[in-house]
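Report on the structure
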Amino acid sequence: MNIKWDAEKYTSDFAFVHQYGHHAAELIDAREGCTVLDLGCGNGALSKTLQEKGFLVTGIDASKELLHIAKTNYPEITFIQADAADFSLSHPVDVVFSNAVFHWIDKTHHPAMLQCVNRTLKENGQFVFEFGGYGNNRMIHEALTEAFQQFHYRYQNPFYFPTIGEYSALLEQAGFQVRLAVLFDRMTELKGEHGLKEWIKMFIKSPFSVVKNKAEQEEIIETTVAKLQDSLYRDGKWYADYVRLQMKVIKNDR
């Protein structure tokens, strides 16, 4: 999914995206000096964390806006603009890591992406990642669906949120052995009194392409927020109902 990011706002107001990725990064079992590809590195914050662990890091992302932030903040790290489903490196790496990226990639492109990862890894290399899993933001997407219907539009959920079984099958077909797979709830606090509204504006872009009137877009967002007031607004704070799929797999040595 190709979208143009507001990189500055993403970095300042949605830092929880990379901060939660620290837990997934702890799953990497590799010695210092090993090579790591941060696939979908975004603004480079997690690439820097991986470098501080002693790894030799390369970051890849499709967004030139986010890569500009990454290259500015971390000039000592190599960053490459490329599509996650169509990339290659000059040398294989020990680990491929990814956080909060794969749900943005259309389901039909995942086999190609996984083949790219497989070709990029050394034999027995590790592939560690986390992204939105089955049920992710269910309440938000259901409220958006209802709000779109009220305004006589059809809401098209643009994301891919698979089950453990579904994604494990894709990984095995691509030549990986699944070593760890966890699907878990993570209710996530959003920043500011308009946190949910700003979250929708940042992350839910393509469904609004059918709504040409900007004022009507705002009405749909306000209607959605009102629907979620009782369920996602708690003690003066907004939350998003995240569900994450976290996995660690190994490239087969056969």
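All figures in this text were calculated on a predicted structure; none of them were measured in a lab.

**Points about the overall build of the protein chain**
When helices and strands are counted, the protein chain shows 10 helices and eight strands. In terms of overall dimensions, the protein chain is globule-like: its C-alpha atoms have a radius of gyration of 19 Å, near the 18 Å expected for 254 residues. With the C-alpha coordinates aligned to their principal axes, the bounding extent of the protein chain is approximately 55 × 40 × 35 Å. Across the 254 residues that make up the protein chain, the buried fraction comes to 55%.

**What about the pattern of salt bridges?**
Across all of its chains, the model carries 12 salt bridges by this definition. Across the salt bridge formed by Arg244 and Glu130, the nearest N and O atoms sit 3.9 Å from each other. Here Arg244 is found in strand S8 (residues 237-251), whereas its partner Glu130 is found in strand S5 (residues 121-132), with 114 residues between them in sequence. Several salt bridges share partner residues, and in doing so they unite Lys197, Lys201, Glu218 and Glu222 into one network.

**Quick look at the packing of helix H8 (residues 195-203) against helix H9 (residues 214-227)**
Running from N to C, H8 and H9 cross one another at 130°; their axes reach a closest spacing of 10 Å. The orientation of H8 relative to H9 falls into the category oblique. For the pair H8 and H9, the crossing hand works out as right-handed. When H8 is examined against H9, the residues Leu196, Lys197, Ile200 and Lys201 are found in contact with a partner set consisting of Glu218, Ile221, Glu222, Thr224 and Val225.

**Considering the packing of aromatic side chains**
If you walk through the whole model with that rule in mind, you get 17 aromatic pairs. Taking 5.2 Å as the distance between ring centres and 65° as the angle between the ring planes, the aromatic pair formed by Phe131 and Tyr167 counts as edge-to-face. With Phe131 in strand S5 and Tyr167 in helix H7 (residues 164-173), the pair connects residues that are 36 residues apart, well separated along the chain. Its relative accessible area of 0% is what places Phe131 among the buried residues. Three or more aromatic residues link up through ring pairs in this structure, and these residues are Phe102, Phe127, Phe129, Phe131, Tyr160, Tyr167 and Phe176.

Thresholds, definitions, all that
- Residues numbered from 1 in each chain as written.
- Predicted model: local features only at pLDDT ≥ 70, side-chain atom pairs only at ≥ 80, totals over all residues.
- Heavy atoms only, no water.
- Helix = DSSP H or I, 4+ residues; strand = E, 2+ residues; numbered from the N terminus.
- Rg over C-alpha atoms; globule rule 2.2 N^0.38 Å.
- Buried < 20%, exposed > 50% of the residue type's maximum accessible area, 1.4 Å probe, protein only.
- Salt bridge = Lys/Arg side-chain N within 4 Å of Asp/Glu carboxyl O.
- Axes fitted to C-alpha atoms, helices over the stretch in contact; angles between N-to-C directions.
- Parallel < 35°, antiparallel > 145°, perpendicular 65-115°, else oblique.
- Left-handed = near helix turned anticlockwise from the far one by under 90°.
- Contact = heavy atoms within 4.5 Å.
- Phe/Tyr/Trp six-rings, centres within 6.5 Å; stacked < 30°, edge-to-face > 60°.

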